[in-house]
2 protein chains.
Amino acid sequence: MALVNEYFLRLSDNYLFSDIAKKVNAFKLTHPNERVISLGIGDVTQPLCPAVIKAMHEAVDEMATSAQFHGYGPEHGYDFLREAIVKNDYHSRGISISPNEVFINDGAKSDLGNIGDIVRWDNSVAITDPVYPVYIDSNAMIGRAGTCVDGKWSNIIYMPTTEENGFEPQLPEQRVDMIYLCYPNNPTGTVLTKTQLKKWVDYALKNDSLIFFDSAYEAYIHDEDIPHSIYEIRGAKRCAIEFRSYSKTAGFTGIRCGYTVIPKEVKASTLDGQKVELNHLWERRQATKFNGASYISQRGAAAIYSPEGKEQIKQTIDYYMGNAKLMRERLQQLGVIVYGGTNAPYLWVKTPRGLSSWKYFEELLYTSALVCTPGAGFGPSGEGYVRLTAFGKREDCLEAMERLKR
Amino acid sequence: MALVNEYFLRLSDNYLFSDIAKKVNAFKLTHPNERVISLGIGDVTQPLCPAVIKAMHEAVDEMATSAQFHGYGPEHGYDFLREAIVKNDYHSRGISISPNEVFINDGAKSDLGNIGDIVRWDNSVAITDPVYPVYIDSNAMIGRAGTCVDGKWSNIIYMPTTEENGFEPQLPEQRVDMIYLCYPNNPTGTVLTKTQLKKWVDYALKNDSLIFFDSAYEAYIHDEDIPHSIYEIRGAKRCAIEFRSYSKTAGFTGIRCGYTVIPKEVKASTLDGQKVELNHLWERRQATKFNGASYISQRGAAAIYSPEGKEQIKQTIDYYMGNAKLMRERLQQLGVIVYGGTNAPYLWVKTPRGLSSWKYFEELLYTSALVCTPGAGFGPSGEGYVRLTAFGKREDCLEAMERLKR
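About the thresholds
- Residues numbered from 1 in each chain as written.
- Chains lettered and ligands numbered in written order.
- Predicted model: local features only at pLDDT ≥ 70, side-chain atom pairs only at ≥ 80, totals over all residues.
- Heavy atoms only, no water.
- Helix = DSSP H or I, 4+ residues; strand = E, 2+ residues; numbered from the N terminus.
- Rg over C-alpha atoms; globule rule 2.2 N^0.38 Å.
- Buried < 20%, exposed > 50% of the residue type's maximum accessible area, 1.4 Å probe, protein only.
- Contact = heavy atoms within 4.5 Å.
- Areas by Shrake-Rupley, 256 points an atom, 1.4 Å probe, with all protein chains shown as cover.
- Lys, Arg positive; Asp, Glu negative; His and termini not counted.
- Charge placed at Lys NZ, Arg CZ, Asp CG, Glu CD.
- Phe/Tyr/Trp six-rings, centres within 6.5 Å; stacked < 30°, edge-to-face > 60°.
- Salt bridge = Lys/Arg side-chain N within 4 Å of Asp/Glu carboxyl O.
- Polar contact = N/O pair within 3.5 Å; in protein donor to acceptor, adjacent residues only side chain to side chain.
- Expected span 1.5 Å × (residues − 1).
- Least-squares fit on C-alpha atoms with pLDDT ≥ 70 in both.
- Pairing = 2+ DSSP bridges.
- Arc of directions from axis to C-beta.
- Buried area = accessible area lost by both parts, 1.4 Å probe.
- Nonpolar A, V, L, I, M, F, W, Y, C, P; charged D, E, K, R; others polar.
- Axes fitted to C-alpha atoms, helices over the stretch in contact; angles between N-to-C directions.
- Left-handed = near helix turned anticlockwise from the far one by under 90°.

Caption draft 1: Expanded view of the overall build of chain A. Secondary structure summary: chain A contains 12 helices and 17 strands in total. Relative to the globule expectation of 22 Å for 406 residues, the C-alpha radius of gyration of chain A, 21 Å, shows essentially globular dimensions. For the C-alpha atoms alone, the extent of chain A along its principal axes is close to 60 × 55 × 55 Å. Per-residue burial for chain A yields a buried fraction of 62% across its 406 residues. Pairs at least 24 apart in sequence give 72% of the contacts found in chain A among residues at least 6 apart. When the accessible area of chain A is evaluated, it comes to approximately 15,100 Å², of which 49% is carbon and sulfur surface. Placing the 45 positive and 49 negative side-chain charges of chain A at their respective mean positions leaves the two points 2 Å apart.

Next up, the structure:
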């Protein structure tokens, strides 16, 4: 019989968000008159901005005419978008990136999940903890994570980011091949300064490691000294792949568009020491397993870089960060310990009275009809915290804080 | 140093279509006054139909309002589309498929390329020859194809489809774990009858093999006894995964939407003989490595199933098949041997005078300014043929045939 990839069977069947959904549904059934407010799932709620809507209508109209119809686009994305990205997201910060180092995708999750295709299955992997589950699960699917015992994978080096270390992960003591970093961080909402991030780039250069840098939330950075791109650090172009998304930057969670930067200098090695450009391998991967993002989505994304688009998405980000500020302040007034929420749309809230994160989840649900995300769902070091997101509506954030006060 | 996936290095760097593009560019530079007509690449040219355009405009408008905004959709696609598919593409043919057996994607190429993730890397693979390169290349990337010597991969069982066997591949003599079939076929344009396809389903059931059935061109079937879906064959729901695409059905090459059907009965085995549902593993894979197709694309796809949509896409398909008929007849009048083109948008043309397919490609280019696709690019058994597509404009097809006559 055809054999299954047994690595898949080592994965937990419990998806964090479906577990939460089940518990919330049970509550709703038994409390039909309560209005549940979700501060849990990290999905946006504000509509797309007018510049994007206009560009997408125009793109749809083009597809209706023979003369302007667009069929297959390039697998790596259209030049109009690649060029807008290098100009606005990189050159504007003094970073030299070429359009052919940018790969447009249908959202960062696909590339974060698939990037492991181009490196060996037995590279060692270091991951901050707590973490976005895709990094671990995608490595588990190819066997790179090893086996899972008591919630920890045998071949993953966990790097706790906790109150004790000020949410700055420690450099691994041993050499590591692949390092996943996400800053501004999901789920903790914390950031690394340039000085802190430089340690990682230096480590990677010294140890010939690769850094997979997820900066999906860079648009939420407010403080001047926080890097938006890992390429703001000298030498990062030799060791880092950067993942960006329009999901949170411009509300594209339903539109599906993002991009990955693989500088030509980033290399990995064959067993006999030959160095290979990962940009080239990824281009080859995408040519076989991807057919480009929707033309309409790419036109929508390009509109974000117009003067109106920039102004409009800033307003929405400010709105969400207004929610974050409001929630952060009210929680602190209640004596709750809160991290994040100043350069990221996430608040990382310490559970009161030493409650476990699932216990506090249930307490918030049953006493206040509020939904959060239990920190333990993001990894062992997430225990004792819950994540709140700032993506809700203002009135819901206010109401949620009122309920907590009561 | 981090190690590269060396299986990628076994792949050829020569992409068929970029090789063609280079040769065509060289011709254009030296013959600036000739108008080149391409009958080569399989991309559509007709605009999207009005029903799709209308639905996509409406979807864009929804995204502009807070009340109707759509964020993250389900990874496996929206129910409105899954339900339209089972009703129109399956129930209408007496095939019982449930919505939760349908996975909406961003085009068949992604799923055809990624489906190998869920089965073991050392399953044996049988592939018809000539063939769409994605099947082989995606298996090569995970090491399943072995090494490539003289254009043939060591672990792939090639099943020639040639004039000699009437383009009906022979069942493999040995047991095979995974079988790729594409009908109506790309590149030969030939089809299998129900009786012929039944042999494959019976073989798969007897040998516990999996069939990956690519029916991206089913909308082009004209004859009554040609199956549109492999599930028209009894027992196929226990052994076959079917891949469908809106690219050629409705001109979605730039919109990116298709779907994959994995019936719950389709299973593969662990090493110790436990049977595992592939539907469940694919759901798990998509939850980690995909975030759903664009809402706008899915709304566009659903509009194809409206009464107007059905009528409108039929007109476009009829237009392309009119091209195919015209080219087929004129070529035959010129004494050229042609296969395909009656139930598929591809014509498989035997080269005259025993020319190699690349030689005939150059002859057509330099004597008539016509671009075709050399059959050898699709595999060893493609030698001696070129592929023409019916996706061009009518006037170009007519002009191309006139040039050939001269």
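Next comes the rest of the description.
Caption draft 2: Structural detail: the packing of aromatic side chains. Residues and elements named next belong to chain A. Per the stated rule, a full pass over the model turns up 48 aromatic pairs over all chains. Ring plane angle 90° and centroid distance 6.0 Å describe the contact between Tyr346 and Phe391, whose orientation is recorded as edge-to-face. Separated by 45 residues along the polypeptide, Tyr346 in strand β14 (residues 346-350) and Phe391 in the loop between β17 (385-389) and α12 (394-405) bring together distant segments of the chain. Just as Tyr346 is buried, Phe391 falls in that class too. In this structure an aromatic cluster arises from ring pairing among Tyr90, Tyr231, Tyr246, Phe252, Tyr259 and Tyr305.

Caption draft 3: Broad picture of the side chain of Arg256 of chain B. You can see Arg256 of chain B is positioned in the loop between α7 (247-250) and β10 (258-261). Here Arg256 of chain B is buried and forms no salt bridge, its nearest opposite-charge partner Asp106 of chain B lying at an N-O distance of 5.3 Å. A distance of 3.2 Å separates a polar side-chain atom of Arg256 of chain B from the backbone oxygen of Asp106 of chain B. If sequence neighbours within four positions are ignored, Arg256 of chain B has contacts with Tyr72, Asn291, Gly292, Ala293 and Ser294 of chain A together with Asn105, Asp106, Gly107, Ser247 and Ser297 of chain B.

Caption draft 4: Quick look at helix α2 (residues 50-62) of chain A. In this model α2 of chain A runs 18 Å from its N-terminal to its C-terminal C-alpha over 13 residues, within 8% of the 18 Å that 1.5 Å per residue would give. Along α2 of chain A, the positions that sit buried rather than exposed are Ala51, Val52, Ile53, Ala55, Met56, His57, Ala59, Val60 and Glu62 of chain A. On its buried face, α2 of chain A sits against α9 (295-303) and α10 (307-333) of chain A together with α2 (50-62) and α9 (295-303) of chain B.

Caption draft 5: Molecular detail of the relation of the copies chain B and chain A. Its rotation angle being 180°, the transformation that places chain B on chain A also includes 0.0 Å of axial translation and leaves an RMSD of 0.0 Å. Within this description, the copies of the chain are treated as partners about a two-fold rotation axis. Proximity to the rotation axis, assessed at the C-alpha, singles out His57 of chain B in chain B; its C-alpha lies 3.1 Å from the axis. A share of 100% of interface residues in chain B that are also interface residues in chain A marks the association as one of identical surfaces.

Caption draft 6: Region of the structure containing the sheet that holds strand β13 (residues 338-340) of chain B. Residue and element names in this part refer to chain B. A sheet is described by the order of its strands in space; here four strands give the open sequence β13-β14-β17-β16, paired in antiparallel fashion. Edge positions in the open sheet fall to β13 and β16 (373-374), since each of these has one partner strand only. Across five bridges, strand β14 (residues 346-350) lies against strand β17 (residues 385-389) in antiparallel orientation. Among the inter-strand pairings, Val349 is bridged to a residue of β17, identified as Val386.

Caption draft 7: Looking closely at the environment of Pro133 of chain A. Residue and element names in this part refer to chain A. By the element assignment, Pro133 lies in helix α5 (residues 133-141). A relative accessible area of 28% means that Pro133 is categorised as partly exposed. Taking C-alpha positions, Pro133 is 6.4 Å from Phe378, a pair spaced 245 residues apart along the chain.

Caption draft 8: Fine view of helix α11 (residues 357-368) of chain A. Residues and elements named next belong to chain A. In this model α11 runs 16 Å from its N-terminal to its C-terminal C-alpha over 12 residues, within 8% of the 16 Å that 1.5 Å per residue would give. Among all positions of α11, only Ser357, Tyr360, Phe361, Leu364, Leu365 and Ser368 are buried. Relative to the axis of α11, the buried residues are bounded by an arc of 135° and lie together on one face. Residues of α11 that are exposed and angled more than 90 degrees away from the buried face: Lys359 and Thr367. Elements that come into contact with the buried residues of α11 comprise α1 (16-30), β15 (370-371), β16 (373-374), β17 and α12. Immediately downstream of α11, the backbone of Ala369 shows phi near 55°, a positive value.

Caption draft 9: The pattern of salt bridges, seen in detail. Residue and element names in this part refer to chain A. Taken as a whole, this structure holds 46 salt bridges over all chains when the rule is applied. Among the ionic pairs, Lys23 bridges to Glu362, the shortest N-O distance being 3.5 Å. You can see Lys23 sitting in helix α1 and its partner Glu362 sitting in helix α11, a full 339 residues away along the chain. Residue classification places Lys23 among the partly exposed positions, given a relative accessible area of 31%. A salt bridge links Arg93 to Glu232; the nearest nitrogen and oxygen atoms lie 3.9 Å apart.

Caption draft 10: Structural detail: unusual backbone geometry. Residue and element names in this part refer to chain A. Look at the link from Asp129 to Pro130: it is a cis peptide, with omega at 5°. As for its placement among the helices and strands, Pro130 is situated in the loop between β3 (125-129) and α5. With an omega of 15°, the peptide bond running from Asn186 to Pro187 counts as cis. Following the sequence through the fold, Pro187 ends up in the loop between β7 (178-182) and α6 (194-207). Phi is positive for Ala369, close to 55°, though the residue is something other than glycine.

Caption draft 11: Examining the interface of chain B and chain A more closely. Each side of the interface is counted separately: chain B has 83 residues, and chain A has 83 residues. Looking at the side of chain B facing chain A, the largest losses of area belong to Met1, Leu3 and Arg284 of chain B, adding up to 12% of the total buried there. Taking the shortest distance from any N to any O, the salt bridge between Asp137 of chain B and Arg284 of chain A comes out at 3.1 Å. On the surface where chain B and chain A come into contact, there are 44 residue pairs in polar contact (both at pLDDT 80 or more). Elements with a contribution of two residues or more to the side of chain B that touches chain A: α2, α4 (108-114), α5 (133-141), α7, β11 (267-269), β12 (275-277), α8 (278-289) and α9 of chain B. Looking at which element gives the most residues to the side of chain B that touches chain A, the answer is α8 of chain B, with nine residues. Counted by class, the side of chain B that touches chain A contains 34 nonpolar, 28 polar and 21 charged residues.

Caption draft 12: Fine view of the packing of helix α1 (residues 16-30) of chain B against helix α11 (residues 357-368) of chain B. Residue and element names in this part refer to chain B. Relative to each other, α1 and α11 sit at 35°, their axes nearing to 11 Å. The handedness of the crossing between α1 and α11 comes out as right-handed. Facing Leu16, Asp19, Ile20, Lys23, Val24, Ala26 and Phe27 of α1, the residues of α11 in contact are Trp358, Phe361, Glu362, Leu365 and Tyr366. Looking at side-chain class alone, the contact of α1 with α11 contains nine nonpolar, no polar and three charged residues.

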